[in-house]
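Examining the three-dimensional arrangement
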Amino acid sequence: MKQSVYSARSIRRLLMASAAISAVAMTASTAMAQDLVLDEIVVTGSRIARPNVTSTSPVYSVGAAEIEQQQQPEVEKILRILPVTVPGDGQNVNNGTAGVSTVDLRGLGAQRNLVMMDGKRMTPYNQAGQVDVSQIPVALIERIDIVTGGASAVYGSDAISGALNFIMKQDFEGVEANYDFSRTGEGDGDIHSGDVTIGANLDGGRGNVVLSMNYSNRKGVLFGDRPLGQLGIVTATGGGLSDFQAGNAPAAPPAGCGGPGSVAVGGSTTTLPTRVAIAGGPGLGQFRDDGTLGANCGVFNFNPFNYYQTPLERYGATALARYEVNENIEAYGRFSYSGTNVRQQIAPSGVFGDAFFVPLANPYLSAQARTTIINAANTGRIAGSVATAGSFPNWRDLNNNGVVDQADDIRLSIRRRTVEFGPRSTTYDNNAFQAVFGLRGDFMEDWSYDVSFQRGESDRANVSAGYTNVANIANAVNAVSTTACRTGGSACVPINLFGGFGSITPGMVGYSSATAIEKQNYRQTIASGVISGPIAGLVSPFSEEPVSISIGTEYREEKASTTPDECLKLAPASCLGGAGGNTLPISGGFEVKEIFGEAIFPLVADKEFFKALDLETAYRYSDYDKTGVNKTWKLGLTWAPVEEVRFRGSQQRAARAPNVSELASPQRASLFNALRDPCSVANPAARTDATLRSRCASTGMTLAQVGTVEDIVAGQINAFSGTDLVNLPKPERADTTTVGVVLTPDLGVLKNTFISLDYYNIDIKDFIGTLAPQEILDSCYTAGNTVECAKIRRVGGTLTLPGSGVELFTTNLDYLRAEGLELAVAFGVDLEDLGVDGDMGSLNFALNANRYLTSESLSGPQGTVLDCLGRYGASCPGGGGIGSPTPKTRWVQRLNWSVGDLMVGYTWRYMSSVRIEEAQEAETFADFRKIKAHNYIDLNGSYDLFEGVRVSASVTNLFEKEPPVVGNEAGQTSANSGNTFPSTYDAMGRVFSVGLNVKF
C-alpha cells in the first residue's frame, strides 16, 4: 500500500480544508511537533484517494477527543447538540419511541440521511430504512464525518440531506478500558457505561486485529420525578400552569369524583370514574364513585407515568481485522453485534371512547344512572340522534315498543381509565449484527481496488403489556348479571366500568387485559467493487497532477417483515385499548443494481492566483426492481487563489428511492396529532355558519349533529395510513447547492487558524410522506376542497369512535426545502506567546454555527406552504422527523485549556427563540406561543494521574436552565411531552459525569 510523506503543517491544512471543523484542533500542538506519515487520504463524500484531496462539499467532523470529553455512551446524544442536526428518536423520546437512536440532519427526517461505518452502509433497524446509531461502538470512533447535502452520486440512495460516516480507529494496539458514570443533580437518571478494547498487530505490522466490547445501563426518570411533569398543562388555555408556577400539587376533583390520577384540570377526558356519551349522540356526563351519573367533574393526569428518560440496557461487540496477504492484496473484515433493551411507559390503559352496546339492565348501572341514560336517549330519539336504523344504529329496541327502556341495549361511547391494570408499557428487544468482508490493494502502479461483501440483519421483538383487551371488554359489558356475559362464552367475566377506583376486581382484570407481541426483521445484502487511480496521460497543461477517477458497481438487496400477533391485527384498532391502531403484517423489499463513477480534474496548480483549481464530477445509474431507474450526478469546483484561501461549490442531483415501509405497508389505523374537529362542539362556528354546516354534513353527519358531537381527544385523531398499491410512490429527487470559502491564514499567535463559511440549499421534489390530519380537515371544511373531504371518515357523525378518522396514505407530495449558512472557526493559542510567564499551556477555541434561511414544505398545489423556520408545532418540521422545534440559529462554542497533564474547558450551546406555527397561534395560550432563546454552559476536564491512567469529569447544564413550558399539545407527541420538548431542551436539569480511562 502506497504512503506519502508530508509536513505536519501541510497535513494540518489539508484536513482542515476538507472538513467544516476538525476535532484535531484540540490536540494541534501535538500534531504540529512532528512530521507524519499518512496513507493517501479519502475524504468523506468521495471515493478517490489522493494526497492533496479537499472536499467540494462541506464536511463537518467530530473527533475522538471531543467525543471523549462529552462522556456520552451513545453517539445520538453527541450528534443531537450539533447545529447541523435536530433531535431524532433517542433517550428522551417516550410516547412514540421505537426503542432506538436516530439522527436527523436539517430536520428533513432520519430516513433522508445515509449512515455508514468506514464508508460502508449500516443495516437499518426498521422498514423505513432508518439506522439505530446506538449500536455504533463509541470507543472505536476515530472521527465522525457529516457531509452536507446530497451525496447520492457517490454513495447511492438515502443521502439526500447528507451522509454520516463513522470512521473507526485503525491499527489499534494494546488494551484500553473506559468507565463512565453520570447522575442528575436530583440524584436520579443514573447511566453506567463501560467498554474494553483489545488490539494487536500481526506478522510485523502486516495485519491488525481489534475487539471492542461495551455495556451500558440507563435508569429511567419519570415525569412525576420533576415538578414540570407532575401534572398536565393545557396548551390551548394554560390550564394547570398557575399550579405549576406556584409549586402546587395538581388540583383535586370534587369529592366522590376521584381515584389515582384524577385531577380537576390538565388531563385526559378518558378518566376515572367513567365519562359516557350516547355514540353519535349527546354526551351524558361522568359517573361518581358511588355509581351515580352527573356533569363532568374531573380528568385524568396521565403525565407522571411517562418517562423523561427511558431505561435501557445494551450489550455490544465489534471486531475489526486486516491482513496484507502480499503487496497487492489486503484482506479486511468487520463483525459487529448489538443487543438493546428499551422500555417505554405511558399512563394506564383504558376504554378510549370505544362504542359498545350495553344492556340498560347491566347490573353495575345504578338506578339513577340508568334513568339518566334512558331519559337522554328518549330525548335523542325524538331529535333524531338515537335510532335503530341507519349506517350507525345506537339503540336496540329489543322489546319493540318504540321507547328506550330497561329492556333495551344502548350503544355507549365509554371513556374509562383502567388504573387497576397498572401502566401501559412496550419493551423493545433489539438484536442486530453486520458482517463485512473485502479485499483491497494496489495494481497497475498507482491504481487501487476494493471489492467487498456485507450482510446485516436486525431482529426486534416488541412486547406491549398493561393494556385493556377491547374485544373482551365488549363482551364483559354485555351482561345482565354479575356472573355471566351474554357473549364471550364461559370465560367471560362481567366488568364494572361504572364505579370508582377498585370497581374493577382482579378477576375482571384477568379477562379484560391484554399483552401483545410484534416481531420485526430487516435483512440487507450488499456486494460492491470499485477501482480508482490516476490517468497518467490526461494532465492539464496548467497542472502536473493527472486526472483521477473512480469506477464501481454495487448490488443491494433490502428485505423486511413485520409479524404481529392476533391481538395487534384486530381491526380497526387492535384489541389493545389506547394503542392507537391495529398492526398488520408487512413483507416486502427491493433490489437495486448500480454503476457509478467519479473524476477529479486538477485544472490549474501552483500558478499566480491559482494555487489550485480542481473540477470534481460524479454520476450514478441505479436500477430498482420496484420503481425503475434513478440517475444522480455531482459537479463541484474548488479554487485556491493562494494557499490560505479556498473557495468551493457544488451542484448535485440526489435521490431517495421508496423504502420497504413506503412500498409495502398495509393500510391500518393509528393515532396522529391534530388540533380540533371543525364540526364538533369545540367550534362555535359549526352552529352558525351555513357553509361550514353544509360541508360537515357532506362528510357523514346529520345537521343535528354538527356543532354538538365531541371534539377529538387529547389532540389526537385516528388516521388510516399505508401504501397505495395502485399508485406506488416514486423516488424523491433533490437538487442540492453548496457554496463556501475556507480560510487557513497565518495569524501569528493564533495557530492553526481555520474559518469556513458555507451556504447550502437542499430542495427535495416529490418527497414521500403524508398530509397532516389537520391539513386535510382544514382543506375540506375551510377551503371546501372536495378531494380532501372524501378522505374524512366519520362514524356516528364523530371523529372519536373506532373506525373514524382521516386517510393518510403514503404518496408523493410537492416539495421539502432546507436552506442555510454554516460557520466554523477554530484556532489555538500558546499562552507563552501572549506574554504569560511560565509554562501555562495553550488554549484551543472552536465554534460551529448554523443559521436556517428556509425550512418549509408544501403538500400540493392546492395546499398552503408550511413554514417551519423558527417554529414548532403539530406539523413542523414537515419532513417526517419526530417534530422537534427548528430554531433559526444554533451554535456550539468550545474552549479548552491544556497545561501539562491537565485539561479543562467549557461548551456553550445556544438556540435562538422559536414561535408556535402560525396556524396554531390563535388556539394557543399566549405564554406558550413563543419559546425564548436558550443558552446552556457545560464544563469538562481531565487529568492524567500517571502514564496510561486518566480521570475525567463533566457537568452539563451547569446553571440548571429550566426547560420551556408549552403544555402537552403544542407539538407532535413524540417530541412534545412532559409539557416541554425534552429532546431539544434539557429536561433533566444539571447532570454530573465522572470517568476513568486506562491504557496499557
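Residues numbered from 1 in each chain as written. Predicted model: local features only at pLDDT ≥ 70, side-chain atom pairs only at ≥ 80, totals over all residues. Heavy atoms only, no water.

Right, let's talk about the overall build of the chain for a bit. For the chain, the count of helices and strands is 14 helices and 50 strands. Relative to the compact-globule value of 30 Å for 1000 residues, the chain shows a C-alpha radius of gyration of 31 Å, a close match. Each principal axis of the C-alpha distribution contributes one length, and for the chain these read about 100 × 60 × 50 Å. The 1000 residues of the chain split such that 59% are buried. (Helix = DSSP H or I, 4+ residues; strand = E, 2+ residues; numbered from the N terminus. Rg over C-alpha atoms; globule rule 2.2 N^0.38 Å. Buried < 20%, exposed > 50% of the residue type's maximum accessible area, 1.4 Å probe, protein only.)

A full pass over the atoms with the stated rule returns 15 aromatic pairs. Arranged with centres 4.4 Å apart and planes meeting at 45 degrees, the rings of Phe 223 and Tyr 308 form a pair that is tilted. Of this pair, Phe 223 sits in the loop between β13 (221–222) and α6 (241–246) while Tyr 308 sits in strand β19 (residues 307–309); the two residues are 85 residues apart in sequence, bridging distant segments of the chain. A residue is classified by how much of its surface remains accessible, and Phe 223, at 2% relative accessible area, is buried. Residue classification places Tyr 308 among the buried positions, given a relative accessible area of 1%. Centre to centre, the rings of Phe 443 and Trp 447 are 6.4 Å apart; their planes meet at 55 degrees, and the pair counts as tilted. Phe 443 gets classed as partly exposed once you look at its relative accessible area, which sits at 26%. (Phe/Tyr/Trp six-rings, centres within 6.5 Å; stacked < 30°, edge-to-face > 60°.)

Here we come to the sheet that holds strand β6 (residues 113–117). Taken together, five strands build an open sheet; the order of strands is β3-β8-β9-β6-β7 and the sheet is mixed. Pairing within the sheet leaves two strands with one partner each, and these edge strands are β3 (59–63) and β7 (120–121). Pairing between β6 and strand β9 (residues 162–168): five bridges, direction parallel. In the strand pairing of β9, Val 115 is matched with Leu 164. (Pairing = 2+ DSSP bridges.)

Glancing now at the sheet that holds strand β43 (residues 871–872). Taking strand neighbours across the sheet as the criterion, the three strands line up as β43-β46-β47 in an open arrangement whose pairing is mixed. For this open sheet the edge positions go to β43 and β47 (930–931), each flanked by a neighbour on one side alone. Across two bridges, β43 lies against strand β46 (residues 914–916) in parallel orientation. Following the sheet pairing, Arg 871 is matched in β46 by Arg 915.

In this section: the pattern of salt bridges. Under the counting rule described, the total for this entry stands at 45 salt bridges. Residue Arg 106 is joined to Glu 822 by a salt bridge in which the shortest nitrogen-to-oxygen separation is 2.2 Å. With Arg 106 in the loop between β5 (103–105) and β6 and Glu 822 in strand β40 (residues 815–830), this pair connects stretches of sequence that are 716 residues apart. Under the relative-accessibility criterion, Arg 106 is labelled buried at 2%. When the shortest N-O distance is used, the salt bridge between Arg 322 and Glu 330 registers 3.2 Å. Accessibility classification places Arg 322 together with Glu 330 in one group, the buried group. Connected through salt bridges with shared partners, the residues Arg 112, Arg 656, Glu 662 and Glu 732 form a single ionic network. (Salt bridge = Lys/Arg side-chain N within 4 Å of Asp/Glu carboxyl O.)

Before going further, it helps to examine helix α12 (residues 690–697). All of the buried residues in α12 are Leu 692, Arg 693 and Cys 696. For α12, the buried positions fall inside an angular range of 100 degrees around the axis, keeping them on one side. Looking at the packing, one finds that the buried side of α12 touches α13 (773–781). For α12, the N-terminal capping position is held by Asp 689, with its side-chain oxygen 3.0 Å away from the main-chain nitrogen of Thr 691. (Arc of directions from axis to C-beta. Contact = heavy atoms within 4.5 Å. Polar contact = N/O pair within 3.5 Å; in protein donor to acceptor, adjacent residues only side chain to side chain.)

What follows is about a nonpolar patch on the surface. A cluster of nonpolar side chains, namely Val 196, Ile 198, Leu 211 and Met 213, defines an oily patch on the protein surface of about 290 Å² accessible area. Elements with a minimum of two residues in the nonpolar patch: β11 (191–202) and β12 (207–218). Relative to the assigned elements, Ile 198 resides in strand β11. (Patch = residues over 30% accessible without salt bridge, like charges linked within 9 Å, V, L, I, M, F, W, Y side chains within 5 Å. Areas by Shrake-Rupley, 256 points an atom, 1.4 Å probe, with all protein chains shown as cover.)

One pass over the full model with this rule turns up six disulfides. Between the sulfur atoms of Cys 868 and its disulfide mate Cys 876 the distance is 2.0 Å. On the sign convention where negative means left-handed, the S-S torsion of about -85 degrees between Cys 868 and Cys 876 marks this disulfide as left-handed. A residue is classified by how much of its surface remains accessible, and Cys 868, at 1% relative accessible area, is buried. Classification of Cys 876 as buried rests on a relative accessible area of 0%. (Disulfide = S-S within 2.5 Å.)

Let's shift gears to the environment of Pro 534. Take Pro 534: it is sitting in strand β27 (residues 513–539). Taking C-alpha positions, Pro 534 is 25 Å from Phe 609, a pair spaced 75 residues apart along the chain. When near neighbours in sequence (up to four residues on either side) are disregarded, Pro 534 contacts Asp 446, Trp 447, Pro 546, Val 547 and Ser 548.

Within the element layout of this structure, Ile 600 appears in strand β29 (residues 586–607). For Ile 600, a relative accessible area of 2% corresponds to the buried category. In this structure, the C-alpha to C-alpha distance between Ile 600 and Thr 340, residues 260 residues apart in sequence, is 43 Å.

Every α-helix winds through 3.6 residues per turn, so residues three or four apart in the chain are directed the same way. The element α13 is extensively covered by neighbouring structure, given that seven of its nine residues are classed as buried. In this structure, the buried residues of α13 make contact with β33 (668–673), α12, β34 (716–723), α14 (786–789), β38 (792–793) and β39 (805–812).

Once that is clear, we can look at the side chain of Arg 112. Residue position: Arg 112 is located in the loop between β5 and β6. At 2.8 Å, the side chain of Arg 112 and the side chain of Glu 732 are in polar contact. With residues up to four places along the chain from it excluded, the contact list for Arg 112 reads Asp 158, Ala 159, Ile 160, Ser 161, Gly 162, Arg 656, Glu 732, Ile 764, Phe 767, Ile 768, Leu 816 and Gly 879.

Along the chain, Leu 272 connects to Pro 273 via a cis peptide bond; the corresponding omega equals -5 degrees. Here Pro 273 shows up in the loop between β14 (262–263) and β15 (275–278). Its identity as a non-glycine residue notwithstanding, Asp 766 has a phi of 55 degrees, on the positive side. Position of Asp 766 relative to the elements: it lies in the loop between β36 (750–765) and β37 (768–769). Phi at Glu 960 is positive, roughly 50 degrees, even though this residue is not glycine. With respect to the helices, strands and loops of the structure, Glu 960 is situated in the loop between β49 (949–956) and β50 (991–999). Looking at Glu 960, the relative accessible area reads 26%, which means it is partly exposed.

Turning our eyes to something else, we now look at the pairing of strand β21 (residues 329–348). With 14 of 20 residues buried, β21 is to be regarded as a mostly interior element. Direction of pairing for strand β20 (residues 312–326) relative to β21: antiparallel, over a ladder of 14 bridges. The residue of β21 that forms the bridge with Tyr 315 is Gly 339. In sequence, β20 turns back onto β21 through a hairpin of two residues.

Examined against the element boundaries, Thr 270 turns out to sit in the loop between β14 and β15. We classify Thr 270 as buried; its relative accessible area is 0%. Through-space distance from the C-alpha of Thr 270 to that of Asn 301 is 9.8 Å; in sequence the pair is 31 residues apart. If sequence neighbours within four positions are ignored, Thr 270 has contacts with Phe 300, Val 351, Phe 352, Arg 415, Arg 416 and Arg 417.

Quick look at the pairing of β34 now. For β34, a buried count of seven out of eight residues is recorded, marking the element as mostly surrounded by other parts of the structure. Across six bridges, β33 lies against β34 in antiparallel orientation. Bridged to Asn 673 within β34 is Gln 716. Taken together, the five bridges between β34 and β39 define a ladder with parallel strand orientation.

Turning next to the confidence of the model for the chain. The predicted structure's coordinates, where accompanied by low pLDDT, should not be read in detail. Scored by pLDDT, the chain comes out at a mean of 89, with 95% of its residues at no less than 70. At the low end of the mean pLDDT range in the chain sits helix α2 (residues 28–31), at 32; at the high end sits β13, at 98. (pLDDT = per-residue confidence, 0-100.)

Another aspect to go through is the side chain of Arg 693. Relative to the helices and strands, Arg 693 is located in helix α12. Look at Arg 693: it is buried, it has no salt bridge, and the nearest opposite charge is Asp 689 at 8.2 Å. Setting aside anything within four residues of it in sequence, one finds Arg 693 in contact with Ala 686, Arg 687, Thr 688, Leu 703 and Val 706. (Lys, Arg positive; Asp, Glu negative; His and termini not counted.)

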